[in-house]
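Given next are the chains, with one letter for each unit.
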Amino acid sequence: MTLVQDIALGLLQLVALTIPPIAVLIKMLRRSENLAWRTRKLSFGLAIGSVVSFIATGAIVVLYLVSSTTLPLLLQVGLALAVVGLLPFALFTLVLYREHKESFR
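Just so it is clear, the model here is predicted, and its values are computed rather than measured. (Residues numbered from 1 in each chain as written. Predicted model: local features only at pLDDT ≥ 70, side-chain atom pairs only at ≥ 80, totals over all residues. Heavy atoms only, no water.)

Caption draft 1: Local environment of the confidence of the model for the protein chain. In this model, the protein chain carries a mean pLDDT of 83, and residues with pLDDT of at least 70 account for 98%. Looking across the protein chain, the model is least confident in helix α4 (residues 87-104), with a mean pLDDT of 79, and most confident in helix α2 (residues 37-68), with 86. (pLDDT = per-residue confidence, 0-100. Helix = DSSP H or I, 4+ residues; strand = E, 2+ residues; numbered from the N terminus.)

As structure tokens, this is what we get:
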């Protein structure tokens, strides 16, 4: 394995490690009672931006790994599904934001 591939795999690990803390932060944000709506809105925007950024990072790394190595097709599909599996999390965050916005009014 090359240094570049090691870095790519490290990035995938970073993505995998950061998603659970983001989910916990979103849960904490929804339960907070002392934040103004503007701060809540900004916080949700930051969380969504973070999730989208990590999804993009994962997609780029997977594309790199698939194009630079000769991975078996099944492993390529698995990598792609791992990244695509993050999309519902981002959409769910948007749904939570809308629901939270309605309950805050």
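Having seen the model, we can carry on.
Caption draft 2: Highlighting the nonpolar core. Judged by nonpolar contacts, the single largest core of 22 residues is most densely connected at L12, I22, I26, F44, V51, I55 and F89. Here this core takes eight residues from α2, the largest share from any one element. (Core = buried A, V, L, I, M, F, W, Y, C linked by side-chain atoms within 4.5 Å. Buried < 20%, exposed > 50% of the residue type's maximum accessible area, 1.4 Å probe, protein only.)

Caption draft 3: Quick look at the packing of helix α1 (residues 3-31) against α2. Direction vectors running N to C along α1 and α2 enclose 160°, while the axes themselves pass 9 Å from each other. Overall, the two elements α1 and α2 adopt an arrangement that is roughly antiparallel. Relative to α2, α1 is oriented so that their crossing is left-handed. Partitioning the contact of α1 with α2 into residue classes produces 19 nonpolar, seven polar and two charged. (Axes fitted to C-alpha atoms, helices over the stretch in contact; angles between N-to-C directions. Parallel < 35°, antiparallel > 145°, perpendicular 65-115°, else oblique. Left-handed = near helix turned anticlockwise from the far one by under 90°. Nonpolar A, V, L, I, M, F, W, Y, C, P; charged D, E, K, R; others polar.)

Caption draft 4: Summary view of α2. Over its 32 residues, α2 runs 46 Å from end to end, which matches the ideal 46 Å to within 8%, given 1.5 Å per residue. Of all the positions in α2, only R40, F44, A47, I48, V51, F54, I55, G58, V61, V62 and L65 are classed as buried. (Expected span 1.5 Å × (residues − 1).)

Caption draft 5: Examining the side chain of T93 more closely. For T93, the location among the structural elements is in helix α4. The residues contacting T93, other than those within four sequence positions of it, are I26, F44 and I48. (Contact = heavy atoms within 4.5 Å.)

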